[in-house]
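Observations on the three-dimensional arrangement
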Amino acid sequence: MTLCELLIYLDRESGYPVLDGDCEETIKKALAGSHKDVLAGRIVAAMAASVDATTAAVSILRAQATTALGPLRLKAMRDDVSGHDLKRMERTVHAIDGAFNDEALAARKS
């Protein structure tokens, strides 16, 4: 799966805005710290950094996506963040699993 495909899936399925423009724009803004949604920007930046993304077309594996969020999740649990942000992190992790599960199911059907 490409990082762009994952971002589109997360934007659609997580219940929270992930995209800030198209995929390329979203990644650039996230890495620059200017994403319109601070938490989504951190999530996108972490995943992009985990695969050294220079383009949204780079491939990302489930393990890379979830491992990239590990430090963010731990920080959210340690710090006094809102329950809303903790819920967003968990929903994002579940949505990542859903994206890769859907991809695996589609591959089996073909």
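The structure reproduced in this document is the subject of the present report. (Residues numbered from 1 in each chain as written. Predicted model: local features only at pLDDT ≥ 70, side-chain atom pairs only at ≥ 80, totals over all residues. Heavy atoms only, no water.)

Some remarks on the pattern of salt bridges
Under the counting rule described, the total for this entry stands at six salt bridges. For Glu13, the salt bridge identified is with Arg12, shortest N-O distance 2.9 Å. Among the charged side chains, a salt-bridge network with shared partners connects Asp20, Glu25 and Lys29. (Salt bridge = Lys/Arg side-chain N within 4 Å of Asp/Glu carboxyl O.)

Notes on unusual backbone geometry
The phi angle at Asp52 is positive, at roughly 50°, despite the residue not being glycine. Relative to the helices and strands, Asp52 resides in the loop between helix H3 (38–50) and helix H4 (62–78). (Helix = DSSP H or I, 4+ residues; strand = E, 2+ residues; numbered from the N terminus.)

With respect to the nonpolar core
Note that soluble globular proteins tend to have their nonpolar side chains buried in a common cluster. Ranked by size, the top nonpolar core spans 33 residues in total, and within it Leu3, Leu6, Leu7, Met47, Ile60, Leu69 and Ile96 carry the most contacts. Elements with a contribution of two residues or more to this core: helix H1 (3–13), helix H2 (23–32), H3, H4 and helix H5 (83–109). Element by element, the count of residues in this core is highest for H3, at seven residues. Contact partners of Leu69, with chain neighbours within four places excluded, come to Ile43, Ala46, Met47, Met89, Thr92, Val93 and Ile96. (Core = buried A, V, L, I, M, F, W, Y, C linked by side-chain atoms within 4.5 Å. Buried < 20%, exposed > 50% of the residue type's maximum accessible area, 1.4 Å probe, protein only. Contact = heavy atoms within 4.5 Å.)

What about the side chain of Ser14?
With respect to the secondary-structure elements, Ser14 resides in the loop between H1 and H2. Under the relative-accessibility criterion, Ser14 is labelled buried at 2%. Of note is the side chain of Ser14, whose polar atom sits 2.7 Å from the backbone oxygen of Leu10. Look past the residues within four positions of Ser14 in its chain and what remains in contact with it is Tyr9, Arg91 and Ala95. (Polar contact = N/O pair within 3.5 Å; in protein donor to acceptor, adjacent residues only side chain to side chain.)

Considerations on the environment of Ala48
Tracing the backbone through its elements, the reader meets Ala48 in helix H3. As for Ala48 and Arg78, which are separated by 30 residues in sequence, their C-alpha atoms are 24 Å apart. Contacts of Ala48, omitting those with residues within four sequence positions, involve Leu3, Ile27, Leu31 and Ala53.

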